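Descriptive analysis of the structure
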Amino acid sequence: MNLKAVIRCIRAYPIALLQAIDRETNRFYRASFLSGLLAQPFAGTLTETSMSLAEIARELDLDPDSPELEAWLDMGVSLGVLRRRKGKYAVKSRLARKLIQGPQSWQAYFRIRVEVFYHYFVATPGKLVQGERFSLDDSHGELYAQSSRTVEPVLLDVARNTGCAEPGPCALLEVGCGSGVYIQAACEANPELFVVGLELQPSAAALAKRNIQAWGLGGRATIEQTGLMDYSGPSRHDIVTLHNLIYYFPLQDRPKAMSHVYSLLKPGGKVILSTLLRSRFPSIQAMHLWSSMNQGCGPLPHAGEIPELLKEAGFLSIESQELIPGMWCFTAHRPGNAPSTPSTP
């Protein structure tokens, strides 16, 4: 080692700054590597046993001596996500093990925040200067649907207590049904419930259709690949639900959307709307940035926006409840008396 060169380097470069940069970038590298690992078919195996480079390459149909794959795996070792012993790799990180062995919803939640939100953090100023927005295409549709299930325990209770649990026929319209899991919960709560689920993203709609058939609900639930404003069903629904959907509408379109929901309800019918509200939590602020910068979407609503929208649309008996920090549920009714015997769709 050239001692003089080392001394010159120390004098020329701020060591403390370099160390701080390394700490921050290593966190970024670690999250990025883990996100890539979660998408691999061999990830689960690495939590249970060790695999050689050749065995992992075989899973990916690659050359068994692939130097590029080895470089990627060794990057994981250097970050502490993987370990390498006697030429074999296995998962080392506790977080990696928990995510890989845990529900797909939390894997998707993590991947969305690494693989998708990253672009919004880096490119937003340049997009604004160019007068552009991000395109909300279908490339991550199924990932979004899976990620939305992280709040499933909370919203399942909402789904079971929509009012459809009361005996007798009930017609429910779920806008933005995602995987269809809330439809399943509502149908289990009331055997006489009939549901129409709307889902705009093709891959998410396909997932919901598969789930409805797998759950044996094909005779009671229908999934339509369309958005709220393109749905023109008659005013026949007892309940309309919109879970984490309002920010998919630009601000100027939200009054019209709520008026359309009003028109789809029977007299006396109820709307149930859950959403994140703006807050200083970084995770919610990331969602606020994401929705604000997507073409055709809008910012997260502020605290007073939803009651005002519902009131302007003609709804009465507006109530709100905080489900978890940052997430609220709003309910309101269309004026009029509900029919004594609700009709099925």
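The structure under discussion appears in the preceding block.
Here the structure is a predicted model, which means the values were calculated and not measured.

With that settled, the discussion passes to the overall build of the protein chain. Helix and strand content of the protein chain: 14 helices and ten strands. If you line up the protein chain on its principal axes, its C-alpha atoms span 90 × 45 × 30 Å. Per-residue burial for the protein chain yields a buried fraction of 45% across its 345 residues. Taking the contacts inside the protein chain whose residues are at least 6 apart along the sequence as the reference set, 70% of them involve residues at least 24 apart. Of the roughly 17,800 Å² that the protein chain leaves accessible, carbon and sulfur atoms contribute 53%. Seen as two clouds, the 34 positive and the 32 negative side-chain charges of the protein chain have centres 9 Å apart.

In this structure, Leu242, Met258 and Val261 are the most contacted members of the largest nonpolar core, which totals 67 residues. Counting residues per element, this core draws most heavily on helix α10 (residues 181–189), which supplies six residues. With near-sequence residues (within four places) excluded, methionine 258 lies in contact with Leu242, Ile246, Leu273, Leu309, Leu310, Ala313 and Phe315. By size, the runner-up hydrophobic cluster in this structure holds 23 residues, among which are Ile56, Leu79, Val91 and Leu99.

As a further point, take a nonpolar patch on the surface. On the surface, Phe28, Tyr29, Met75, Tyr118, Phe121 and Val122 cluster together into a nonpolar patch covering about 570 Å² of accessible area. Of all the elements in the fold, those that place two or more residues in the nonpolar patch are α2 (15–38) and α7 (104–129). Relative to the helices and strands, phenylalanine 121 is located in helix α7.

Evaluated as defined, the whole model comprises eight salt bridges. The partner of aspartate 74 in a salt bridge is arginine 84, with the nearest N and O atoms 2.9 Å apart. Taken together, the residues span a long stretch of sequence, with aspartate 74 in helix α5 (residues 67–78) and arginine 84 in strand β2 (residues 82–85) at a distance of ten residues. One salt bridge in this structure joins arginine 254 and glutamate 305, with 2.8 Å as the shortest N-O distance. With a gap of 51 residues between them, arginine 254 in helix α12 (residues 254–264) and glutamate 305 in helix α14 (residues 305–313) connect regions that are remote in the sequence. In this structure arginine 254 comes out as buried when scored by relative accessible area, which is 0%. Glutamate 305 sits in the buried class, given a relative accessible area of 9%. One network of salt bridges, in which partners are shared, links Glu70, Asp74 and Arg84.

Time to look at helix α11 (residues 202–214). For α11, spanning 13 residues, the distance from its first C-alpha to its last is 18 Å, which sits close to the expected 18 Å at 1.5 Å a residue. Within α11 the residues assigned to the buried category are Ser203, Ala204, Ala205, Leu207, Ala208, Asn211 and Ile212. Positive backbone phi, at 70 degrees, marks glycine 216, one or two positions downstream of α11.

This paragraph deals with the pairing of β2. Taken together, the four bridges between β2 and strand β3 (residues 88–91) define a ladder with antiparallel strand orientation. Residue pairing for β3: arginine 85 is matched across the bridge by lysine 88. Hairpin connection of β2 to β3: two residues between the antiparallel strands, including lysine 86 at a positive phi of 50 degrees.

Contact geometry of helix α6 (residues 94–101) with α7 gives a least axis separation of 7 Å together with a crossing angle of 125 degrees. As summarised for this structure, α6 and α7 are arranged oblique, according to the angle between their axes. Seen from α6, the contacting residues are Leu95, Leu99 and Ile100; seen from α7, they are Trp106, Gln107 and Phe110. Here the contact of α6 with α7 is composed, by residue class, of five nonpolar, one polar and no charged.

The backbone of aspartate 61 shows a phi angle near 60 degrees, a positive value even though the residue is not glycine. One can find aspartate 61 in the loop between α4 (53–59) and α5. Using a relative accessible area of 73% as the deciding quantity, one classes aspartate 61 as exposed. Phi at serine 317 takes a positive value of approximately 55 degrees, unusual for a residue other than glycine.

Time to look at the packing of helix α9 (residues 152–160) against α10. The N-to-C vectors of α9 and α10 enclose an angle of 40 degrees; their axes lie 8 Å apart at closest approach. Considering the angle they form, α9 stands oblique to α10. Pair α9 / α10 crosses with right-handed handedness. Between α9 and α10, the residues in contact are Glu152, Leu155, Leu156, Ala159 and Arg160 and Val181, Tyr182, Ala185, Ala186 and Ala189, respectively. Residue classes in the contact of α9 with α10 are distributed as eight nonpolar, no polar and two charged.

Sheet architecture is open: seven strands sit in the order β6-β5-β4-β7-β8-β10-β9, paired in mixed fashion. Of all the strands in the sheet, the pair left with one neighbour each is β6 (221–224) and β9 (316–324). The average angle at which neighbouring strand axes cross in this sheet is 15 degrees, direction not considered. The pairing of strand β8 (residues 265–276) with strand β10 (residues 327–333) spans seven bridges and is antiparallel. Paired with leucine 273 across the two strands is phenylalanine 330, which belongs to β10. Together, β4 (170–175), β5 (193–198), β6 and β7 (237–243) form the strand contacts of α10, whose direction differs from that of β5 by roughly 170 degrees. Along the sheet, α12 contacts β4, β7 and β8; its crossing angle with β8, the most-contacted strand, is approximately 140 degrees.

What counts, and at which threshold
Residues numbered from 1 in each chain as written. Predicted model: local features only at pLDDT ≥ 70, side-chain atom pairs only at ≥ 80, totals over all residues. Heavy atoms only, no water. Helix = DSSP H or I, 4+ residues; strand = E, 2+ residues; numbered from the N terminus. Buried < 20%, exposed > 50% of the residue type's maximum accessible area, 1.4 Å probe, protein only. Contact = heavy atoms within 4.5 Å. Areas by Shrake-Rupley, 256 points an atom, 1.4 Å probe, with all protein chains shown as cover. Lys, Arg positive; Asp, Glu negative; His and termini not counted. Charge placed at Lys NZ, Arg CZ, Asp CG, Glu CD. Core = buried A, V, L, I, M, F, W, Y, C linked by side-chain atoms within 4.5 Å. Patch = residues over 30% accessible without salt bridge, like charges linked within 9 Å, V, L, I, M, F, W, Y side chains within 5 Å. Salt bridge = Lys/Arg side-chain N within 4 Å of Asp/Glu carboxyl O. Expected span 1.5 Å × (residues − 1). Pairing = 2+ DSSP bridges. Axes fitted to C-alpha atoms, helices over the stretch in contact; angles between N-to-C directions. Parallel < 35°, antiparallel > 145°, perpendicular 65-115°, else oblique. Nonpolar A, V, L, I, M, F, W, Y, C, P; charged D, E, K, R; others polar. Left-handed = near helix turned anticlockwise from the far one by under 90°.

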